[in-house]
Amino acid sequence: MSDLTAVDILIEPDTGSIERARAVNRRMPLSIAAGITLDDTHLPHITMLQRYLVTADLDAAYAAIERTLAATDPASLSHHVPGITYSEHWGPPGQAAAVLGVRPNQLVLDLQAALVAAVAPFTGSGGTDAAFVTDPGQHISRTTKDWVETYVPDRTGANHTAHLTVGLDTVEHLKVLQAEPFDAFDIHPATIASPLVMSC
């Protein structure tokens, strides 16, 4: 067993927001090898926090997380979705990860700060492939490992870039989608998920 485990804490959107994400996903080309299909086993979500936790301390860390989540009313959390955007950081040349960028309210950021504090005593550094759930022979990219390593502080608080990943597409097609009119909407979380061991 690895000394560290990569953990992801997620917000699960309401059903209306999931359908909006799926509608965008259905416009992504199926011909892209690493494409994503949002179905019943691949639901869109919003990442709150990613951390490497000391494996031996997982029970204590999970208990601290559950206490923090139990003190939060999911109905108080909201995210505004103004439109489609994309990141070439995650795609091969000419392709990019399509996302619905979301703007969290202050209570989301307060919860994130509370979660960071809750897991701080159990956080480690230097996670390897063994920190993730993988298939035989599968390797975790350096980008993913570094992303978890630097999630705090690079993607928390004022730097939190919350989003719903909706697929992989060509940059050319994503520019077309981005230029189209978009009916902005708000996400009202259905639940805050218990921590999950990360896979890739």
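Please refer to the structure higher up on the page.
In this text, all values refer to a predicted model and were calculated from it rather than measured experimentally. (Residues numbered from 1 in each chain as written. Predicted model: local features only at pLDDT ≥ 70, side-chain atom pairs only at ≥ 80, totals over all residues. Heavy atoms only, no water.)

Chemist: Requested: an account of the overall build of the protein chain, with residues and values cited.
Modeler: Within the protein chain, the secondary structure is distributed over six helices and eight strands. Across the protein chain, helices and strands are ordered from the amino to the carboxyl terminus as β-α-β-α-β-β-α-α-α-β-α-β-β-β. By the compact-globule yardstick of 16 Å for 200 residues, the protein chain fits well, its C-alpha radius of gyration being 17 Å. With respect to the principal axes defined by its C-alpha atoms, the protein chain has extents near 45 × 40 × 30 Å. (Helix = DSSP H or I, 4+ residues; strand = E, 2+ residues; numbered from the N terminus. Rg over C-alpha atoms; globule rule 2.2 N^0.38 Å.)

Chemist: Kindly report on unusual backbone geometry, identifying the contributing residues and their values.
Modeler: A cis amide bond links Val152 with the next residue in sequence, Pro153, at an omega value of 10°. When you line up the elements, Pro153 lands in helix H5 (residues 151-154).

Chemist: Could you give an account of helix H3 (residues 106-119), naming the residues involved and the relevant values?
Modeler: For H3, spanning 14 residues, the distance from its first C-alpha to its last is 20 Å, which sits close to the expected 20 Å at 1.5 Å a residue. Three or more residues of H3 are buried, namely Val108, Leu109, Leu111, Gln112, Leu115, Ala118 and Val119. (Expected span 1.5 Å × (residues − 1). Buried < 20%, exposed > 50% of the residue type's maximum accessible area, 1.4 Å probe, protein only.)

Chemist: Which residues make up the environment of Ala190, and what are the values?
Modeler: Tracing the chain through its elements places Ala190 in the loop between strand S6 (185-187) and strand S7 (191-192). Judged by its relative accessible area of 47%, Ala190 is partly exposed. The sequence separation of Ala190 and Arg27 amounts to 163 residues, and the corresponding C-alpha distance is 25 Å. Setting aside residues up to four positions removed in sequence, Ala190 forms contacts with Glu12, Pro13 and Asp14. (Contact = heavy atoms within 4.5 Å.)

Chemist: Could you give an account of the pairing of strand S1 (residues 4-12), naming the residues involved and the relevant values?
Modeler: On a regular strand, each side chain points to the face opposite its neighbour's, so the side chains alternate between the two faces of the sheet. Judged by how many residues are buried, S1 sits mostly within the fold: eight of nine residues are covered. Relative to strand S2 (residues 46-54), S1 runs antiparallel, the two being bridged by eight bridges. Note that in S2 the partner of Ile9 across the bridge is Leu49. In this sheet, strand S8 (residues 196-197) lies alongside S1 in antiparallel orientation, the contact comprising two bridges. Within the sheet, the bridge partner assigned to Val7 lies in S8 and is Val197. (Pairing = 2+ DSSP bridges.)

Chemist: An account of the sheet that holds strand S5 (residues 163-170) is requested, with residue identities and associated values reported.
Modeler: Read from one edge to the other, the open sheet built from four strands follows the order S5-S4-S3-S6, with strand pairing classed as antiparallel. Each edge of the open sheet carries a strand with a single partner, namely S5 and S6. Pairwise comparison of adjacent strand axes, ignoring direction, gives a mean angle of 40° for this sheet. On the sheet, helix H6 (residues 171-179) packs against strand S3 (79-87), strand S4 (95-104) and S5 and is oriented at approximately 125° with respect to S5. (Axes fitted to C-alpha atoms, helices over the stretch in contact; angles between N-to-C directions.)

Chemist: Give a detailed account of the packing of helix H2 (residues 58-70) against H3, specifying residues and quantitative values.
Modeler: Packing of H2 against H3 brings their axes to within 9 Å, and their N-to-C directions diverge by 155°. Of the possible angle classes, the one that applies to H2 and H3 is roughly antiparallel. For the pair H2 and H3, the crossing hand works out as right-handed. Residue-level contacts link Ala64, Ile65, Thr68 and Leu69 of H2 to Leu111, Ala114, Leu115, Ala118 and Val119 of H3. When grouped by side-chain class, the residues that make up the contact of H2 with H3 number eight nonpolar, one polar and no charged. (Parallel < 35°, antiparallel > 145°, perpendicular 65-115°, else oblique. Left-handed = near helix turned anticlockwise from the far one by under 90°. Nonpolar A, V, L, I, M, F, W, Y, C, P; charged D, E, K, R; others polar.)

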